Amino acid sequence: MSQIDEKLVPHPHLKQFYSKESGREEFVNKIFDDTASKYDPVNNILSLGSGVRYRKQALIRSGLSSGMDVLDIATGTGMVATSELSIVGAKGSVIGLDRSYNMLTEVGGKLNIPLIQGDANVLPFADDSFDFVTMGYALRHVDDLKGTFKEYFRVLKPGGTLLILELMRPTNKVIYQMVKLYFSVMIAIISIPGIGGKNEGKLIQYYWDTIDKFVSSDILIETLSETGFGKVKAHQIVNVFTEFTAVKT
Ligand SMILES: C[S@@+](CC[C@H](N)C(=O)[O-])C[C@H]1O[C@@H](n2cnc3c(N)ncnc32)[C@H](O)[C@@H]1O
């Protein structure tokens with residue numbers, strides 16, 4: 001197997017969450033299925049200003065416009081898809097895809113868009129199908145970065161844009177300590193029954209651990225370029241919120 005065909009995991013095996021590496025996918029499916037019904041309120045508490053408004057600004061910044069056909073991968077409860085619908089309008093289209101059945105049930109109760117249960121790594125769409133592919137706050141959870149990027153490249157039309165929103169491990173030591181402290185406080189608050197609960201607290205702990213152990217921006221940029229993407233850029237706000245954009249040139 002050549003190096004380009006080898007799997008690239010977003011973070012090392014996290015034994016505190018799944019005892020065997022083979023349990024990664026099952027753990028991710030279960031934690032999102034278990035927390036889907038409280039995802040929106042928990043996200044509102046945790047958001048750090050990254051709500052629907054921020055997602056909309058990021059989409060506009062990266063070039064999404066009226067009439068485009070969009071695939072939102074790992075759509076969750078539809079926070080990115082909601083903004084996309086308001087930008088593309090009636091002449092465009094938005095499809096949501098997620099691996100979690102319960103997340104899709106949540107978004108199905110809010111948005112009238114086609115929803116597909118599937119994996120970012122194996123997309124059930126023809127080559128060259130979309131003007132825009134998006135993924136909000138889910139790249140840390142995929143099984144294989146290279147396989148995922150290959151699929152994004154394949155389903156985008158030539159000239160189409162990929163936008164990935166992520167929380168990256170701050171490189172600035174002071175900001176790193178501040179974000180770490182913020183998450184430890186949030187884990188305590190969100191674990192309180194009534195505000196969130198045990199599963200939601202575990203989810204936020206998992207968020208922090210995956211941010212802390214996530215591959216660097218440089219690796220993501222390099223891997224996107226190796227996949228064939230051009231104009232690969234990372235726009236960062238407060239050394240945490242990162243918008244990766246890339247074009248199928
Ligand atoms: C943190 S939520 C993000 C939801 C939404 N994009 C947002 O911005 O709020 C992460 C979502 O990624 C989904 N997910 C994780 N791994 C996935 C994969 N390999 N393929 C598709 N969806 C995945 C989870 O089920 C979950 O709904």
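Note that the coordinates shown come from a computational prediction; the quantities given were computed from them, not determined experimentally.

This part covers the overall build of the protein. Of the regular secondary structure elements, the protein holds nine helices and seven strands. Relative to the globule expectation of 18 Å for 249 residues, the C-alpha radius of gyration of the protein, 17 Å, shows essentially globular dimensions. Here the protein holds 249 residues, and the buried ones make up 53% of them. Within the protein, residue pairs in contact and separated by at least 24 positions form 72% of the contacts whose partners lie at least 6 positions apart. Accessible surface, the protein as shown: approximately 11,300 Å² in total, 56% of it carbon and sulfur.

To continue, consider the site of the ligand. Inspection of the region around the ligand gives 21 residues, with Tyr-39, Ala-74, Asp-98, Ala-120 and Gly-136 positioned closest. Side-chain polar atom of Arg-55 to an oxygen atom of the ligand: 3.0 Å apart, as the coordinates give it. Breaking the shell around the ligand down by element, the ones donating at least two residues are helix 1 (24–35) and helix 4 (79–88). The class makeup of the residues in the shell around the ligand is eleven nonpolar, six polar and four charged.

Glancing now at the nonpolar core. Counting residues in each nonpolar core, the largest one holds 47 residues, and the members touching the most others are Leu-64, Phe-183, Ile-204 and Tyr-207. For this core, the elements supplying multiple residues, two or more each, are helix 1, helix 2 (39–46), helix 3 (52–61), helix 4, helix 5 (101–108), strand 5 (156–167), helix 7 (173–190) and helix 8 (198–213). Residues lining this core come from more than one domain, with at least three contributed by each of domain 1 (19–168 + 215–247) and domain 2 (173–205). Counting residues in each nonpolar core, the second largest holds 29 residues, with Leu-71, Ala-138, Val-232 and Phe-244 among its members.

Strand order across the open sheet formed by seven strands is 3-2-1-4-5-7-6, with mixed pairing between neighbours. The sheet is open, and its two edges are formed by strand 3 (115–117) and strand 6 (230–237), each paired on a single side. On average, each strand axis in the sheet is inclined to that of its neighbour by 15°, with strand direction left out of account. Summarising the sheet, strand 1 (residues 69–73) and strand 2 (residues 93–98) pair through five bridges and their orientation is parallel. In the sheet register, Leu-71 faces strand 2, and the bridge partner there is Ile-95. Set on the sheet, helix 5 makes contact with strand 2 and strand 3; between it and strand 3 the angle comes to about 175°.

Taken across its seven residues, strand 7 (residues 241–247) has seven buried, putting it largely inside the fold. Both strand 5 and strand 7 contribute to a ladder of seven bridges, which runs antiparallel. The partner of Leu-167 across the bridge, within strand 7, is Phe-241. Looking at chain direction, strand 6 and strand 7 are connected through six bridges and run antiparallel. Bridged to Gly-230 within strand 7 is Val-247. The turn linking strand 6 back onto strand 7 is made up of three residues, and Val-238 within it adopts a positive phi angle of 50°.

With that settled, the discussion passes to helix 5. For helix 5, every residue scored as buried is listed here: Met-103, Leu-104 and Val-107. Projected onto a plane normal to the axis of helix 5, the buried residues spread over an arc of 100° and lie on a single side. The inward-facing, buried residues of helix 5 abut helix 1, helix 2, strand 2 and strand 3.

Domain annotation of the protein identifies domain 1 (19–168 + 215–247) and domain 2 (173–205). For domain 1 versus domain 2, the separation of C-alpha centres amounts to 23 Å. Sorting the residues of domain 1 by area buried against domain 2 places Val-42, Ile-45 and Leu-46 first, and these three jointly supply 37% of that buried surface. The tally of links from domain 1 across to domain 2 stands at zero salt bridges.

Thresholds, definitions, all that
- Just so you know, the residues in each chain are numbered from 1, in the order the chain's sequence is written.
- It should be noted that, the model being predicted, local features are given only for residues of pLDDT at least 70 and side-chain atom pairs only at 80 or more, the latter also being counted only at that level, while totals for whole chains, interfaces and linings use all residues.
- Only hydrogens and water are set aside when side-chain values are computed; all heavy atoms of the structure are taken into account.
- Secondary structure elements follow DSSP: runs of H or I no shorter than four residues count as helices, runs of E no shorter than two count as strands, and numbering proceeds from the N terminus.
- The globule rule used for comparison is 2.2 Å times the number of residues to the exponent 0.38, while the radius of gyration itself is calculated over C-alpha atoms.
- Per-residue accessibility, obtained with a 1.4 Å probe over protein chains only, is compared with the maximum for each type, and a residue is labelled buried under 20%, exposed over 50%, and partly exposed between these values.
- Throughout, a contact is declared for two residues whenever any of their heavy atoms are within 4.5 Å.
- Computed with the Shrake-Rupley method and a 1.4 Å probe, the accessible areas treat only the protein chains shown as cover for residues.
- Any residue with a non-hydrogen atom lying within 4 Å of a molecule or strand is treated as near it.
- Polar contact criterion, stated in full: a pair of N or O atoms within 3.5 Å, where within protein one must be able to donate a hydrogen and the other to accept it, and residues adjacent in sequence count only if both atoms are side-chain atoms.
- Following the grouping adopted for this structure description, the nonpolar residues are Ala, Val, Leu, Ile, Met, Phe, Trp, Tyr, Cys and Pro, the charged ones are Asp, Glu, Lys and Arg, and the polar ones are all others, Gly among them.
- Among buried residues, those of type Ala, Val, Leu, Ile, Met, Phe, Trp, Tyr and Cys that are joined through side-chain atoms within 4.5 Å constitute a nonpolar core.
- All domain edges in this entry derive from an automatic or database-based domain assignment.
- Here, any two strands with at least 2 DSSP bridges between them count as paired.
- Only the stretch in contact is used when a helix axis is fitted, and all axes are lines through C-alpha atoms; the angle between N-to-C directions ranges over 0 to 180 degrees.
- This arc is built from the directions going out from the helix axis to the C-beta atoms.
- Defined here as a combined quantity, buried area equals the accessible surface (1.4 Å probe) lost by two parts on assembly, summed across both.
- The salt bridge definition used is simple: a Lys or Arg side-chain nitrogen within 4 Å of an Asp or Glu carboxyl oxygen.

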